[in-house]
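What the coordinates show
The residues making up each chain are set out below.
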Amino acid sequence: QPTTEGVAECLEREQQIFTDGMEMVVAKLLERGTDVYLVSGGFELMINPLAEQLGIPQENVYANRIIFDNAGNYKGFDRSAPTSKSGGKGRVVSKLKR
């Protein structure tokens, strides 16, 4: 099970590699004033650094949130996050399209 320390070490050790051209596409969209969102079944801890690197505001990131105890040990995940449920990503996208 993950710990805050383990996640931090992983993020430091593993280089994030984007698909060729993705950073340019996101930059162009943001430049044009287009809202860009990241909707993921992954965890915020892993997705937020990517969003930051791409210039996507944190409020435009929809992902699961790991809950840690005060010692940094895994306690669970936020079951209220829409992406934590079956079909959740699709529901988020439908909501954003409105």
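Refer to the structure printed above.
The model shown is predicted, which means the values in this text are computed figures rather than measured ones. (Residues numbered from 1 in each chain as written. Predicted model: local features only at pLDDT ≥ 70, side-chain atom pairs only at ≥ 80, totals over all residues. Heavy atoms only, no water.)

**Structural notes on helix α3 (residues 44-54)**
All of the buried residues in α3 are Ile47, Leu50, Ala51 and Leu54. Taken end-on, α3 shows its buried residues confined to a sector of 100°, consistent with a single buried face. Following α3 by one or two positions, Gly55 has its phi on the positive side, about 80°. (Buried < 20%, exposed > 50% of the residue type's maximum accessible area, 1.4 Å probe, protein only. Helix = DSSP H or I, 4+ residues; strand = E, 2+ residues; numbered from the N terminus. Arc of directions from axis to C-beta.)

**Section: the pairing of strand β4 (residues 74-77)**
Relative to β4, strand β3 (residues 66-68) runs antiparallel, the two sharing three bridges. The partner of Phe68 across the bridge, within β4, is Tyr74. What sits between the antiparallel neighbours β3 and β4 is a turn of five residues, in which Gly72 has the positive phi angle 90°. (Pairing = 2+ DSSP bridges.)

**Topic: the packing of aromatic side chains**
One pass over the structure, following the stated rule, counts one aromatic pair. A centroid spacing of 6.4 Å and a plane angle of 40° characterise the contact between Tyr37 and Tyr62, whose relative ring orientation is tilted. Remark: Tyr62 occurs in strand β2 (residues 61-64) and Tyr37 occurs in the loop between α2 (22-31) and β1 (38-43); sequence separation between them is 25 residues. Under the relative-accessibility criterion, Tyr37 is labelled partly exposed at 32%. (Phe/Tyr/Trp six-rings, centres within 6.5 Å; stacked < 30°, edge-to-face > 60°.)

**Details of the environment of Pro49**
For Pro49, the position within the fold is in helix α3. A sequence separation of 17 residues divides Pro49 from Ile66, and the C-alpha atoms of the two residues are 15 Å apart.

**Considerations on the pattern of salt bridges**
Counted by the stated rule, this structure contains two salt bridges. With a shortest N-O distance of 3.3 Å, Arg13 and Glu14 are connected by a salt bridge. Given a relative accessible area of 57%, Arg13 falls into the exposed group. A residue is classified by how much of its surface remains accessible, and Glu14, at 41% relative accessible area, is partly exposed. Taking the shortest distance from any N to any O, the salt bridge between Asp78 and Arg65 comes out at 3.6 Å. You can see Asp78 sitting in the loop between β4 and α4 (88-97) and its partner Arg65 sitting in the loop between β2 and β3, a full 13 residues away along the chain. Among the residues examined, Asp78 registers a relative accessible area of 17% and is labelled buried. Looking at Arg65, the relative accessible area reads 37%, which means it is partly exposed. (Salt bridge = Lys/Arg side-chain N within 4 Å of Asp/Glu carboxyl O.)

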